[in-house]
Amino acid sequence: MSNRVLAIDDDKFIHQIINTSLGEFCDVLHAENGEQGIRTALETQPDIILLDVEMPGMNGFEVCSKLKSTQGTKDIPVMFLSGRGSIEERIQGYNSGAADYITKPFEIAELVARIKVLDAYRNESLALKKDVEQAQSTAEIALTDIGDMGRVMRYVSQTYGTASLESLSDYFFQFFQPLSLSVVVAFWYLDEAFYFANNGAVCPLEQELLLNCKQGERFIDFGARTIINYPNVSLLVKNMPLADAPLYGRYKDLFPHVLEATNAKLNALAINERITNQAEELTETFKLVDETLGSQIISLYHHSKMSVNLIEQLYQTFCSTIPSLGLEPDQEEYILDALESTVTELRGHLDMGTDIQTSFNEVMTHMQHIMAERKKLIKCLNEDRVEAQVNEVTTQQDIELF
């Protein structure tokens, strides 16, 4: 049986009858007109309202319509008590939102029986409403899960061609934007830490917390804050919904998917940058080797040629001055033969140096080809970065689900 019944009637005698009939098993509240009845209903939230039709000011139909259009009273069953019982008035009462209609004068037993039926109707309505809300909640959770995974897939698609930490952080925060969460993310990239926030700057204490907790557990909770750690990325959520357990659990299930994708992307970016840097370093090394060895070979050949020329000049000088030295013919012949043999041998070494230079030039040509190919590789890598940035998916707002 209902615990609280509100009677709205301008007839004091009717109030006495209702109080006598129902006062033993429920709390009866009284209002003498429509305005007072509406206020009392909002304040006390009765289980059932008994409403007269003919009253000064607002009539019963107007009061019922007002109650049914007000959020705080729309679910309270209303029973009309009226001196008129025509079918037209009953239809009018039904159209205004009433659940029952009884005519005056009425028997006390009938009133009690009708209230019991109305109370059963109210309880059944509340149970059905609860079932509907639960079914809607289940459906909403299912749709939310589909929506969440769709947004995760969009994030993975967006970041596939991302080539910079700034654009990666932009897409990361786009994912969190519909969730109304304040987050800070740390990218652990090539032995450096890069911090980004979706609301303002990252304060020193937040940086310190993320750095100190980097090697900790996967989930670290403190108050309304949660840190989630992966090898290449850490997330700090500053306003986790602790009061909403289902939403809190949903977020804890959802965020690892995003962080796993981010962790893999950061790893791929690091590998790509290392390859590019190594290619550039090798190109510079080959260039230095080419320049250094080329310069040394040219210098060596130049000095060898100068040495041969000097010996030849010395040989010519000896040839012109030996006759005036008064040497014996066999002495002159010995000296000249020795000089000529040395010049011939030096010329042979010079020819060998020319062959070496020719071979070296071939090696240098091959190295220059390798350097050119490496430059093409670096150019392609850089062009891929630019093209990836141009072709990036722009937002999280146009996600299409099934």
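Before reading on, note that the structure itself is shown above.
Just so you know, these numbers come straight off a predicted model, no measurement behind them.

1. Looking at the sheet that holds strand β9 (residues 225–229)
(1) Moving on: The strand order across the open sheet built from five strands is β7-β6-β10-β9-β8, with neighbouring strands paired in antiparallel fashion. The outermost strands of the open sheet, each flanked by one partner alone, are β7 (192–197) and β8 (219–222). When the angles between neighbouring strand axes are averaged without regard to direction, this sheet yields 15°.
(2) Moving on: With five bridges connecting them, strand β6 (residues 183–189) and strand β10 (residues 233–237) associate as antiparallel partners.

2. Overview of the nonpolar core
(1) Moving on: Ranked by size, the top nonpolar core spans 32 residues in total, and within it Tyr155, Phe172, Phe176, Leu181, Phe187, Leu235 and Phe255 carry the most contacts.
(2) Moving on: Secondary structure elements with two or more residues in this core: α5 (108–160), α6 (165–176), β6, β10 and α8 (245–321).
(3) Moving on: Examining the composition of this core, we find that 10 residues originate from one element, α8, more than from any other.
(4) Moving on: Beyond its immediate stretch of four places on either side in the chain, leucine 235 contacts Phe172, Phe176, Val183, Val184, Leu210, Thr226, Ile227, Ile228, Phe255 and Leu259.
(5) Moving on: Grouped together as the second largest cluster of nonpolar side chains are 19 residues, Leu29, Ala41, Leu51 and Val78 included.

3. Observations regarding the sheet that holds strand β1 (residues 4–8)
(1) Moving on: Spatially, the five strands line up as an open sheet ordered β2-β1-β3-β4-β5, and their pairing is parallel. Two strands close off the open sheet at either side, each with one partner strand: β2 (27–31) and β5 (100–103). Sheet twist, expressed as the average angle between the axes of neighbouring strands with direction ignored, equals 20°.
(2) Moving on: Contacts from helix α3 (residues 60–68) reach β3 (48–52) and β4 (78–82), with the element oriented near 175° to β4.

4. Observations regarding the pattern of salt bridges
(1) Moving on: According to the stated counting rule, one finds 12 salt bridges in the structure shown.
(2) Moving on: Between lysine 238 and glutamate 206 there is a salt bridge, and its shortest N-O distance comes to 3.1 Å. Note that lysine 238 is positioned in the loop between β10 and α8 and glutamate 206 in helix α7 (residues 204–212), a separation of 32 residues in sequence.
(3) Moving on: Looking at glutamate 206, the relative accessible area reads 10%, which means it is buried.
(4) Moving on: Through salt bridges with shared partners, one network takes in Asp9, Asp52 and Lys104.

5. Points about a nonpolar patch on the surface
(1) Moving on: On the surface, Leu205, Leu209 and Phe222 cluster together to form a nonpolar patch covering roughly 240 Å² of accessible area.
(2) Moving on: In this fold, leucine 205 is placed in helix α7.

6. Details of unusual backbone geometry
(1) Moving on: A cis amide bond, omega -10°, links lysine 104 with the succeeding residue proline 105.
(2) Moving on: Along the polypeptide, proline 105 turns up in the loop between β5 and α5.
(3) Moving on: The residue serine 180 is not glycine, and still its phi comes out positive at about 55°.
(4) Moving on: Looking at the secondary structure, you find serine 180 in the loop between α6 and β6.
(5) Moving on: Residues other than glycine seldom take positive phi values, yet aspartate 191 does so here, at roughly 65°.
(6) Moving on: For aspartate 191, the position within the fold is in the loop between β6 and β7.
(7) Moving on: The exposure class assigned to aspartate 191 is exposed, which follows from its relative accessible area of 82%.

7. A short note on the pairing of β10
(1) Moving on: Where burial is concerned, most of β10 is hidden: five out of the five residues are buried.
(2) Moving on: Judged by which residues are buried, β10 turns out to be covered on both faces: Val233, Leu235 and Val237 on one side and Ser234 and Leu236 on the other are all buried.
(3) Moving on: The pairing of β9 with β10 spans four bridges and is antiparallel. Residue pairing for β10: asparagine 229 is matched across the bridge by serine 234.
(4) Moving on: With antiparallel pairing between neighbouring strands as the criterion, β9 and β10 make up a hairpin whose turn holds three residues.

8. Here's the deal with the packing of helix α2 (residues 34–44) against α3
(1) Moving on: Where α2 meets α3, the closest approach of the two axes is 10 Å, and the angle between their N-to-C directions is 25°. Comparing their axes, α3 and α2 come out roughly parallel. Considering only the axes of α2 and α3, their crossing is right-handed. Contacts from Gly34, Ile38 and Ala41 of α2 reach α3 at Val63, Lys66 and Leu67.
(2) Moving on: By residue class, the composition of the contact of α2 with α3 is four nonpolar, one polar and one charged.

9. Some words on α6
(1) Moving on: Between the first and last C-alpha of α6 there are 17 Å, a value that for 12 residues agrees with the 16 Å anticipated at 1.5 Å per step.
(2) Moving on: Among the 12 residues of α6, 10 are classified as buried, and the element is accordingly described as predominantly covered.
(3) Moving on: What α6 keeps buried is the set Leu165, Ser167, Leu168, Ser169, Tyr171, Phe172, Phe173, Gln174, Phe175 and Phe176.

10. Points about the packing of aromatic side chains
Describing an aromatic ring pair means giving the distance of the ring centres and the angle of the ring planes.
(1) Moving on: Enumeration according to the criterion identifies 12 aromatic pairs in this entry.
(2) Moving on: Consider the rings of tyrosine 251 and phenylalanine 255, whose centres lie 5.3 Å apart with planes at 20°: the pair is stacked. With tyrosine 251 and phenylalanine 255 both in helix α8 and four residues apart, this pair spans about one turn of that helix. The burial state of tyrosine 251 is the same as that of phenylalanine 255; both residues are buried.

11. A short note on a negative patch on the surface
(1) Moving on: A cluster of like negative charges, contributed by Glu328, Asp330, Glu333, Asp337 and Glu340, occupies part of the molecular surface.
(2) Moving on: Structurally, the position occupied by aspartate 337 is in helix α9 (residues 329–390).
(3) Moving on: Judged by its relative accessible area of 42%, aspartate 337 is partly exposed.

Rules and cut-offs
Residues numbered from 1 in each chain as written. Predicted model: local features only at pLDDT ≥ 70, side-chain atom pairs only at ≥ 80, totals over all residues. Heavy atoms only, no water. Pairing = 2+ DSSP bridges. Helix = DSSP H or I, 4+ residues; strand = E, 2+ residues; numbered from the N terminus. Axes fitted to C-alpha atoms, helices over the stretch in contact; angles between N-to-C directions. Core = buried A, V, L, I, M, F, W, Y, C linked by side-chain atoms within 4.5 Å. Buried < 20%, exposed > 50% of the residue type's maximum accessible area, 1.4 Å probe, protein only. Contact = heavy atoms within 4.5 Å. Salt bridge = Lys/Arg side-chain N within 4 Å of Asp/Glu carboxyl O. Patch = residues over 30% accessible without salt bridge, like charges linked within 9 Å, V, L, I, M, F, W, Y side chains within 5 Å. Areas by Shrake-Rupley, 256 points an atom, 1.4 Å probe, with all protein chains shown as cover. Parallel < 35°, antiparallel > 145°, perpendicular 65-115°, else oblique. Left-handed = near helix turned anticlockwise from the far one by under 90°. Nonpolar A, V, L, I, M, F, W, Y, C, P; charged D, E, K, R; others polar. Expected span 1.5 Å × (residues − 1). Phe/Tyr/Trp six-rings, centres within 6.5 Å; stacked < 30°, edge-to-face > 60°. Lys, Arg positive; Asp, Glu negative; His and termini not counted. Charge placed at Lys NZ, Arg CZ, Asp CG, Glu CD.

Any functional reading would require information beyond the geometric quantities listed.
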